[in-house]
Structures are given as C-alpha cells and as structure tokens.
Amino acid sequence: MSARAAAVGVLMRRRSWRWVEALPWVAAIAGFFLLPNYLQLGTQILVMILFALSLDLLLGYTGIVTLGHAAFFGLGAYTAGLLATGGWHEPLSGLVAAAAVAAALGLVAGFVILRTSGLALLMLGMAITLLLYEVANNLNGLTGGADGLSGVEIAPLLGRFGFDMYGRTSYLYALAVLFVAFLLVRAIVWAPFGRSLVGIRQNPARMQAMGVSVFARRLAVFVLSAGLAGLAGAVSAQTSQFASLDNLSFDLSGTVLLMLVLGGPGRLYGGFIGASVLMIAQDGLAKENPVFWLFWLGLFVILLVVFVPGGLLGLRARLGLGGRDG
Amino acid sequence: MELLSVATGIVATGTAYAMVLYIAAVGLSVTMGLLGIANLAHGAFAMAGGYAMVWGLDRLGLSFGVAVLLACVLVGVASVVMERVLYRRFYARSELDQVVMSVGLLFMSVAVAQFLFGPSPLSVRLPGLLTGSVPLVGDASLPVYRGFLILFGGAIFLLLWAGIERTMLGARIRAAVDNRFMAQAVGVNTDLLFVTVFALGSMLAALGGALGADMMALTPDYALAHLVYFMIVVAVGGLGSVRGPFVAALLLGIGDTACKILAPQAGAFFVYVALFVLLLARPRGLFGRTA
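Peer 1: I'd like to hear about the confidence of the model for chain A, residue by residue, with values.
Peer 2: All names here are of chain A. For chain A, per-residue confidence averages 85 on the pLDDT scale, and 95% of positions sit at 70 or higher. Confidence scores differ between elements of chain A, with helix α15 (residues 311–318) showing the lowest mean pLDDT of 72 and helix α11 (residues 214–240) the highest of 93. Predicted confidence is poor over residues 322–326, with pLDDT under 50, and the contacts of this stretch with residues over four places away or in other chains come to 14 contacts.

Next up, the structure:
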C-alpha cells in the first residue's frame, strides 16, 4: 500500500461516525421529553452551541483568535428580527437572509481584519462589533435602540407548527437548525478544505509554500463562520422574539470564547459541552447576583487555562480515553 | 471666530484626553512588544489605580499628589505579584491561552470593583490649585486640570523617550524586544527585565487611571469599556514603541473628541470607520515594524 493510500485510509477512518457522537443528540431529545419546564433554557443552550460551533471553525480549526464574533451574531439577530417586524414572518427564509447578511459583513470585515494579526486583529474584531452597536443604538426608530427590538412575530413553521408559549416548537426548531449546521461543519472539517485549515493553523508559512492561498482560505472560513454566527443570532431572535444590544456586546463575544475553550476548541463538540456547562451553571448561580457570577466565571477559566489547557475534551484525550484531535 | 473657538476647544480637550490614553496604554505597548503577551487586562491596572487614588483621597484624607503616588505604588506591588504568580506562566503559551486568561481577569476585575466600590461612577475631588479654567481663543476656555494633563502627559512622553533611548534599562528593553535570545546570550537578565517592565507598565497604567479619572469615569466596567481604545493606541502606534503610541493617542484623542462634539448622535462611529480604513492601508499600524 502506498503512503498516500495509507494516509487517506487513516483520514477516512478518523472521519467516520462513532457511536459516542449520537450522545448529544440523544440527550437533547431526551431533554425535550423529560424537562418540559426548561425548554426555554434548552433553546438558549442550543443557540449558544451553534454560535460556539461557528467560532470553532475560526478559532479551533484555523487558529484565528477573535473577540468580535458577536458582531455577526447580533447582525443575524437584528436581520431576522427586522424582517419579522417589517412584515416578513416566515421563519426559514428569515434564517437564510440573516445568515447571508452576516456572511456578507464577514466578507467585507474579514478582508480588512485578516490582513492584520495578533493585537490588531483582536482590536478590529472588537471595533466591528462596537461599530454595529453604535449603528443599532442610533437607529432607534428602527431597532428600538437601548430598549431592544420587540414585537418580533414569527409565522408557524412550515405553515403548521406555531411558536407556542411552552417553547416546544422553538426548542425543536433550534435543535433542527443546529443539527443541519453541524452536519455541514462536520463535513467541511473532514474535507480537504477543512484539513487545509488545520494546516494553516499549524504552519501558515508552510501551507503558503505548498501553494495554498492562505489568505483566501482564511477569508473563506471567516465568511462561513460569520454566516453560521448570523444563523445562531437569527434563531435566537426568532425563538425569543426579541433582539437587543446585548447581542452585540463584548460580554457575548467573551462568553462564547470561554464556552468553546472550556469544552475544548478544534474538536467539534467543545461548544456542546462548554455551552451546556456554563449556561446551566449560570442559570443556577447568576440569578441572584450576576456580578458574583462574573467573578467565579473569570476565576474558573483562569484556573482551567493554567491547569487544563485544551479544555474538558482535551482532558479526556490526555487521560487516554480516546478523545481525538481535529 | 466661532469656528476657531470650536476647533481650539476640540484640540485642547482632545489633547488632554490623548495624554490620559497614552499614559494608560503605553505600558501595554512595551509589555506586548517585550513579553509577547496579549494582556487585555491592562485596563484593569488603570482602573485599580483610579480606585486606589479615590480611596486614598476620600478614606485616608491624603492630598492629591500623595494619593496618586500611593495608587502607583500599590498597583506596582500588586503587578509584581501577578507577574510572578500568573503572567509568567503565559509567556510561552499560545495567543489563545493568553487571551482567555486576560478575559477571565477582565471579568473578575468588573466583579471585584463592583463589590468594593459599588456600581455607580466615583467622582474625584481635584485640588484647589488645579480647578478653574483659563480663557483661550474666542469663547473657548481650558480647564486648568486639562492643561495640567497636557503638560504632564508631554513630560511623561519625553521622560519615557529619553529613558528608552538613553538609559541602560532602555537599551536592554530595546535589545530584548528585537531579539530576546540574543539579548539573553549577551548577558541581559531577561527574567528580571520582564518583571521590571511589567511593573513599570502597570504603574504607568495606574497613573493614567488615577490622573484620568476626571475624564474617563471610574465605573466597575472601566477595563472593558476602554479596552478598545487602549488597543487602538497600541495597534495603531506599533508594538514595543513609546513614540508610536503617542502619535496614535493624539490622533485618537482629538478624533474622538471631534466626533463627539461635531456629530454627537453618531458616537464613535466615524472613529471605527477611520480605523478600518487606516488598517486596510497599513495593517501593521503607523509605525509597525515588518517582522
């Protein structure tokens, strides 16, 4: 067997589905039946998982550290919300529109942001978020400004399933969107394009020398990631029937980063673990004192990054329990 | 005449603001250039300086100068502890680890500040000597305190410039920024150099936070709210430099003040647009060196 065939064989084995990968989906469906009172929280968790998944493409696979991903989430949320308040209530086309608008901003912003590196890249990511924040805050006739965009009415899904007050439709809707997006991302990261992203993360100079256009690939994944973040924002706005300036905040960019890092970046499932753990903990601890929560969250991630680099999934791999690297 | 006095007001206020930004952020430029650490929590040291000064003024009844000095010393000592316990573990870590650690610190700084000093902004009692204002051109006048900030900031800049160009410590810093291993090989104690520079950078931040408390309000989310402006000063000015950030701070301070006076409803919108245009043309900032 030639070396090439052997390498392809290893890759094909690593990309094949394994039974553990059914776990999160089984848990999500079980949650629907067993915890009917927590469907609202569950929907929020699913939204954050999708958001963290979009960041994982950028951060975990391509190695682009950004603190401005809320820009695309917020733009998606406002796009979906404004479509609905403007009279277009159909949800699926709203999702597509929001993702497209966010991806378009990703193309424009990425073109500038990705030419820089390090501190300048971090700063520009935050600047694009603040820029949108100023716009959303100032167009308060359109966006509701600091009060947020309320009155987002969504027509029944596929003309049949209404978004009821129990949140059942919302939960399954968010789960279905996440599942489709996940299939897409999983296919991408194991495709040659996705492998080249990992190569870029590990050694951009070498990838460039091999004839890969590093800038074009980074821009492509940036646009894709921005679109997925916009999708997450749109699901958030449609299921909560609300969009606000919080969707464009540094806190949101920081929190999704911490969720991904807690779970383990570059492993597809990092966001599933990080978002679930942090949001359930926050739901229990932060109700009474949100500032107190910030303290423990900060301390926790510092200890984590000092002692457990690679996140919880990385810990599993280090203990030899079969976690695999992307 | 009207135009002239508006322009004078913008330049005077903007320059004073720029001096505060410069003093608070220049330490970040030098520590990042030297230690290669993305310390997003730099603003937390500035905030600590501001709160420590107000504490010294109000609780201990110190005079203004002594309170500022106390703030710098307290933050300097704390920063040495932080460097030894936490930051030194991150010098060789990935950028992601550094960012996550400093975001964690930022979140903690918000919580600690709110726990100790409450959520509302603290005001600063300025000494009698520095209150009042002097008339400038036309209707424009300059508060004495802002004039003091401009002179003081200019003096700090000259001191830092001379320090980095003319002293042995400055020579060691420049050597280590250019090539850390070569500097080590010719006998520079980089370990000691790192902690010294980190402490000096943090003390400058504390000084900026304390002196600037009048212009940049002391609230628990100070380190988050002003983070982008500190980063702009450093990223536009160039890493590891004391001159680049000075020019960047002047551009940002005056530009931001002009936006707020001429187009208040747009906020900092035009500042961010200008920033994108600038970094599209010069991705490494105004004075960034090519790697």
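Peer 1: An account of the environment of Gly87(A) is requested, with residue identities and associated values reported.
Peer 2: The topology assignment puts Gly87(A) in the loop between α4 (70–85) and α5 (91–113). Residues Gly87(A) and Glu153(A), spaced 66 residues apart in sequence, show a C-alpha to C-alpha distance of 8.6 Å.

Peer 1: Tell me about the confidence of the model for chain B, and please be specific about residues and values.
Peer 2: Confidence in the prediction of chain B, expressed as mean pLDDT, is 86, and 98% of residues score 70 or more. Complex prediction metrics read pTM 0.88 and ipTM 0.85.

Peer 1: So what about the interface of chain A and chain B? Which residues, and what values?
Peer 2: When the parts of a complex come together, some accessible area is lost, and that lost area is often used as the size of the interface. Taken together, the contacts link 36 residues of chain A with 37 residues of chain B. Elements with a minimum of two residues in the side of chain A that touches chain B: α6 (118–138), α12 (250–263) and α14 (290–307) of chain A. Of the residues assigned to the side of chain A that touches chain B, the class counts are 29 nonpolar, five polar and two charged.

Peer 1: Before we move on, can you summarise the nonpolar core with the specific residues and values?
Peer 2: Most often, soluble globular proteins keep nonpolar side chains buried together rather than apart. Judged by nonpolar contacts, the single largest core of 211 residues is most densely connected at Leu50(A), Met123(A), Leu231(A), Leu21(B), Ala206(B), Ile232(B) and Val233(B). Ranked by the residues each element gives to this core, the list is headed by helix α1 (residues 2–35) of chain B, at 17 residues.

Peer 1: Help me get a handle on helix α3 (residues 64–85) of chain B, residues and values and all.
Peer 2: Residue and element names in this part refer to chain B. Over its 22 residues, α3 extends 32 Å from the first C-alpha to the last, a length consistent with the 32 Å expected when each residue adds 1.5 Å. All of the buried residues along α3 are Ala67, Val68, Leu70, Ala71, Cys72, Val75, Gly76, Ser79, Met82 and Glu83. As for α3, its buried residues are in contact with α2 (42–58) and α8 (190–211).

Peer 1: Could you give an account of helix α1 (residues 3–15) of chain A, with specific residues and numbers?
Peer 2: When the terminal C-alpha atoms of α1(A) are compared, their 18 Å separation across 13 residues agrees well with the 18 Å that a helix rising 1.5 Å per residue should span. The buried fraction of α1(A) is low, at zero of 13 residues.

Peer 1: So what about the environment of Ala205(B)? Which residues, and what values?
Peer 2: All names here are of chain B. In this structure, Ala205 sits in helix α8. Residue classification places Ala205 among the buried residues on the basis of 33 C-beta atoms within 10 Å. For the pair Ala205 and Cys259, spaced 54 residues apart in sequence, the C-alpha to C-alpha distance is 25 Å. Residues contacting Ala205, with those up to four places away along its chain left out, are Ala24, Gly27, His42, Phe45, Ala46 and Gly49.

Peer 1: Explain the packing of α2(B) against α3(B) to me, using residue names and the numbers behind them.
Peer 2: Geometry of a packed helix pair, given as the angle between the helix axes and the separation of the axes. Residues and elements named next belong to chain B. With their axes 8 Å apart at the nearest point, α2 and α3 run at an angle of 135 degrees to one another. By the angle between their directions, the pair α2 and α3 is classed as oblique. Crossing angle aside, the handedness with which α2 passes α3 is right-handed. Residues Phe45, Ala48, Gly49, Ala52, Met53, Gly56 and Leu57 of α2 form the contact with α3, whose own contacting residues are Phe64, Ala67, Val68, Leu70, Ala71, Cys72, Leu74, Val75 and Ser79. Classifying every residue of the contact of α2 with α3 gives 13 nonpolar, three polar and no charged.

Peer 1: Can you tell me about the packing of α4(A) against α11(A), naming the residues and giving the values?
Peer 2: Residue and element names in this part refer to chain A. One way to put it is that α4 packs onto α11 with a least axis distance of 6 Å and a crossing angle of 45 degrees. The angle between α4 and α11 falls in the class oblique. In the crossing of α4 with α11, the sense of the turn from one axis to the other is right-handed. In this structure, α4 uses Phe72, Phe73, Gly74, Leu75, Gly76, Ala77, Thr79, Ala80 and Gly81 to contact α11, whose residues at the interface are Ala226, Ala229, Gly230, Leu231, Ala232, Gly233, Ala234, Ser236, Ala237 and Gln238.

Reading the values: the criteria
- Residues numbered from 1 in each chain as written.
- Chains lettered and ligands numbered in written order.
- Predicted model: local features only at pLDDT ≥ 70, side-chain atom pairs only at ≥ 80, totals over all residues.
- pLDDT = per-residue confidence, 0-100.
- Helix = DSSP H or I, 4+ residues; strand = E, 2+ residues; numbered from the N terminus.
- Contact = placed C-beta atoms within 7 Å.
- Nonpolar A, V, L, I, M, F, W, Y, C, P; charged D, E, K, R; others polar.
- Core = buried A, V, L, I, M, F, W, Y, C linked by C-beta atoms within 7 Å.
- Buried ≥ 20, exposed ≤ 12 C-beta atoms within 10 Å, placed from the backbone.
- Expected span 1.5 Å × (residues − 1).
- Axes fitted to C-alpha atoms, helices over the stretch in contact; angles between N-to-C directions.
- Parallel < 35°, antiparallel > 145°, perpendicular 65-115°, else oblique.
- Left-handed = near helix turned anticlockwise from the far one by under 90°.

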